[in-house]
Amino acid sequence: MTIFRVILFLILILTCTVLNSQEFIPARILQRLEPALPDSVDVATLAASGRYKVEILPDSTVGNIRIERSAGWLDSLAMNSIREWSFAPVFLEGIAQTAELNVTIEFGKQKTESDEEASERLSAEADSLKIWRLELKKNATEYIKAEKERWLAEKPETGIQKENNHLFGINSIPETVIRSGFYERASYITDFHYRQNWRIFYNIEDDSGYLRFKREVYSLPVAYSRTFLGTGDRNMNYAILSLRKGYLLNVKGWSGRFDYAGYEGNWLGVNEKVGDFLFESLYESNIGNFRYHSSLLRHEIPARALSLLYRPATSFGAIDEEIKEHQFSWSGREFEVSYRLRQDKYSSGFQSISTIEQTHHALFLRKQHNIGIFSFNGGIQTDVSIDANPCYNLYAEAGVQPGKLQLQMSYLGGVKNTPYLATYIGWKLTENLKLRADARHRYKHEKYKKQSLREVHQEATGGLELQFSWLELTLNVGQRKTEQDFELSEGATLSASVKETYWISGLAGTTVYSIGRIRMKLTGESNFISTGVLFNLPRLQHVVAPEINYMLEHNNMLKCGAEFHYCGVYHAPELLSVPETKYLNAWFAIQITEHFQIRLDAHNLTNEVNLYDVIPAAMHLNTGIRWIFIN
C-alpha cells in the first residue's frame, strides 16, 4: 500500500468534481415556424392567442404539450407546428436534462415575446431546475442512507468477529456462491474469508443455502466517493477507497466504478498483506445493458482462511492467494450472456502444497420469464479449465406466489459437478407471522492428489418466523442426514453415516429509547441448536451490543458502544473440540453529519486467549476514519 495510490485516487475525485462544475444553460428555441393556416381563413380578420407548456427532452425532441391558454380550434395547428420547431435542451453540469418551456403563439399578427411572457418562461425554467435538483438530492440521500447502514452501522453477527474489515469466525464453507451471475463452488475457501474478499465490492445476501453477491447500479450524474482508513497499535493498517460516477463523459446510461482495498499488518499470527482492485463499466441502452468487469485480488493470508482440505498440510502458516478476473456480459429483459476469464493461484512454503494454479473460462447463458404469479429463471453455465475436463452446470429456479403463499424450487448441477436441489415454501399468515418449510439435497465429490472426499447431505426443516420492528423470533424443527467416504492415499477408505433430528431457535432484536438529546440502542442476537453433531456449530452462541448516542447540532453526534460475543464449545472436522469463545470490544466515535466518522476501537478488553481456537492479540487499539461523500 503506497502513498502514490492514495494520491492517484484523490486526483480521480478532483477530476470528477471539475467535470461536474459546469454552469446551468437553460432550454431555448433554435428555430421557430409559424403555424400553417387553411386558405379559407382570412388572416387579416383573425385575432387569437394560445399559450402552451412544451416538454423538451434531453435529445432536443418535444415530449408532452399542455394547453395553458386555449386558442380554440387553432390549438391542434399550434401543437403540430411546435413539434416541427428546433429546440436546445437544458444543460446542468454539462448534462442534458428534461425541461419545460412556455410558448405563446399569436394568430393573425406577428408578435415578439413580451416581458411578462419572458418572465413566465424564465420562472418555468427555474422551477424545472429546482425540481431536478430536489430529485437528484433525494436519490443521493437515499444512496447515502443505504451506504451508511451498510458501512457505518454494521450489526454484529453471531459466530463472526470483525476487526479493521477482517472477518474471522466458525470455520464453515458456503454451499453455493452466486457472484456476477456465475455459480461457484467455494470448496477451499471458508465462509468468512469469502465474505471478506468480496464484501468491499458487493452486497451480500444469504438465501436458502445460496450466498449471493449482488452489485448495485450507481447512475447518478454526480460523483460518489468512499474512503475508509485505519491503523492499529498491532501494525494493523487498512485503506478502502471507492469512486463511482454516472453519465461518464456526459453520456447518459454510461456509468463506472473503481474500488481498492488494502491491508497490511498482523492477523491470526501472520503478517498479512492484501491489495484488491476492481474496475467496472456499465452502459445501459435500449437494446440491453453492456458490462465489463475486471478485478485483481492479491493476498498473503493465514492458512486458517482455507478449508479442511488444505489446512492439515499447511498448519498455521501463510498462503499466497491471487485471483484475476475479466468478465464481459450483455443482459436484456429476459436474456443474459456472460463470459468470464478467471486465473487462480495459491502457493505456500510447505512442500505438500507448493503451488496450485488454475485458469478457468466460463460461459453463462440465462433466461428468465414472469407470467403473473409464476416466475422462472434458468440456464446453463460452462466452465473449462486448461488442466481439467470441461464442466457443465445446469441451473433452474422456479417460483409461484399467489397472495401470501410463496413456493420456490431451485436446482444446480450438471456433468462432473456436485448437484444441489432446494425447495422452499413460505406462508404469510399475518403481517408479523410466517410459516416456512424447506428441503435440501447436496452431493459433493472433491479430489486432491491421491485423496478424495465424497459427501451426501440431506436436510428438511419447518418452522415459524415472528417479526416485528424491534424483534425477530425463529423456531425450526428438522432432520439432517450426512454420509461421508474419505479415500486415503494408501487405498484405504473411511466411511461414516449420521442421522439426527434437531431443533433450532433464534432470537434477534433492536430496542431504541430516547431521552432528550440522548439516544440509547440495544442490539442482540442469540441462537440455540439442540444438537451439534452434524452442524460443527456450538449449541449456544449470542452477541449483545449496547450503544449510546448524544445528538449535537447540524446532525453531528457523539457515539460509544460495546460488543460482547459468546460461543460455546463445539466440535470441528479438523479438531476434536473447539473451546468456548468470549470476546469484549468497545468503541467511541465522533460522527460529523451522515458522511464523516472518526472512530477509536478497543479490542479484547478481557484479554481472552482463545478466539475460535486461535490465540488473539492481547488488548489493543485501532483508530480510523470513514468518509462517504456525494459531490
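What you are looking at is a predicted structure, and each value in this text was computed from that prediction instead of being measured.

Asker: How should I be thinking about the overall build of the chain in this particular structure?
Answerer: A count of helical and extended segments in the chain gives five helices and 37 strands. Put simply, the chain has 631 residues, and 44% of those count as buried. Of the roughly 31900 Å² that the chain leaves accessible, carbon and sulfur atoms contribute 58%.

Asker: Would you explain the pairing of strand S7 (residues 99-107) in this entry?
Answerer: In the case of a regular strand, side chains alternate between the two sheet surfaces. Buried residues dominate S7, accounting for eight of its nine residues. Here strand S2 (residues 48-56) pairs with S7 via nine bridges, running antiparallel. The residue of S7 that forms the bridge with Lys53 is Asn102.

Asker: Help me understand the sheet that holds strand S3 (residues 62-69) in this model?
Answerer: Hydrogen bonds between backbone groups are what pair the strands of a sheet, and the pairing can be parallel or antiparallel. Pairing is antiparallel in the open sheet, where three strands are placed in the order S3-S2-S7. Of all strands in the sheet, those bounded by a partner on one side alone are S3 and S7. Here the strands of the sheet are splayed against their neighbours by 25 degrees on average, with no regard to which way each runs.

Asker: So what exactly am I meant to see when it comes to the packing of aromatic side chains here?
Answerer: The geometry of an aromatic ring pair is captured by two quantities: the separation of the ring centres and the angle between the planes. By the definition in use, this model includes 13 aromatic pairs. Ring-pair connections join several aromatic residues into one group, and the members of that group are Tyr194, Trp198, Phe201, Tyr202 and Phe213. For Arg340, the ring lying beneath its charged end belongs to Phe182, and the centroid distance is 4.5 Å.

Asker: Mind showing me how you'd approach the environment of Lys582 here?
Answerer: By the secondary structure assignment, Lys582 is in strand S35 (residues 581-592). Once the C-alpha coordinates of Lys582 and Phe564 are considered, the two residues, 18 residues apart in sequence, prove to be 7.3 Å apart. For Lys582, the residues in contact, after removing those within four places along its chain, are Phe564, His565, Tyr566 and Glu608.

Asker: Teacher, can you tell me more about the pairing of strand S14 (residues 224-232) here?
Answerer: Taken across its nine residues, S14 has seven buried, putting it largely inside the fold. With seven bridges connecting them, S14 and strand S15 (residues 237-245) associate as antiparallel partners. Paired with Thr227 across the two strands is Leu241, which belongs to S15. Pairing geometry for S14 and strand S37 (residues 620-630), over nine bridges, is antiparallel. Looking at S37, one finds that Gly232 is bridged to Asn622.

Asker: Explanation requested: the confidence of the model for the chain in the structure shown.
Answerer: In low-pLDDT regions, the fine details of the predicted coordinates are not to be read closely. Of the residues in the chain, 77% reach a pLDDT of 70 or more, and the chain-wide mean stands at 78. Low confidence marks residues 16-23, where pLDDT is under 50. Its contacts with residues over four positions away, or in another chain, come to 17 contacts. Here residues 308-314 scores under 50 on pLDDT; set against residues more than four positions off or in separate chains, the count is 21 contacts.

Parameters and conventions
- Residues numbered from 1 in each chain as written.
- Predicted model: local features only at pLDDT ≥ 70, side-chain atom pairs only at ≥ 80, totals over all residues.
- Heavy atoms only, no water.
- Helix = DSSP H or I, 4+ residues; strand = E, 2+ residues; numbered from the N terminus.
- Buried < 20%, exposed > 50% of the residue type's maximum accessible area, 1.4 Å probe, protein only.
- Areas by Shrake-Rupley, 256 points an atom, 1.4 Å probe, with all protein chains shown as cover.
- Pairing = 2+ DSSP bridges.
- Axes fitted to C-alpha atoms, helices over the stretch in contact; angles between N-to-C directions.
- Phe/Tyr/Trp six-rings, centres within 6.5 Å; stacked < 30°, edge-to-face > 60°.
- Lys NZ or Arg CZ within 6 Å of the ring centre and 35° of its normal.
- Contact = heavy atoms within 4.5 Å.
- pLDDT = per-residue confidence, 0-100.

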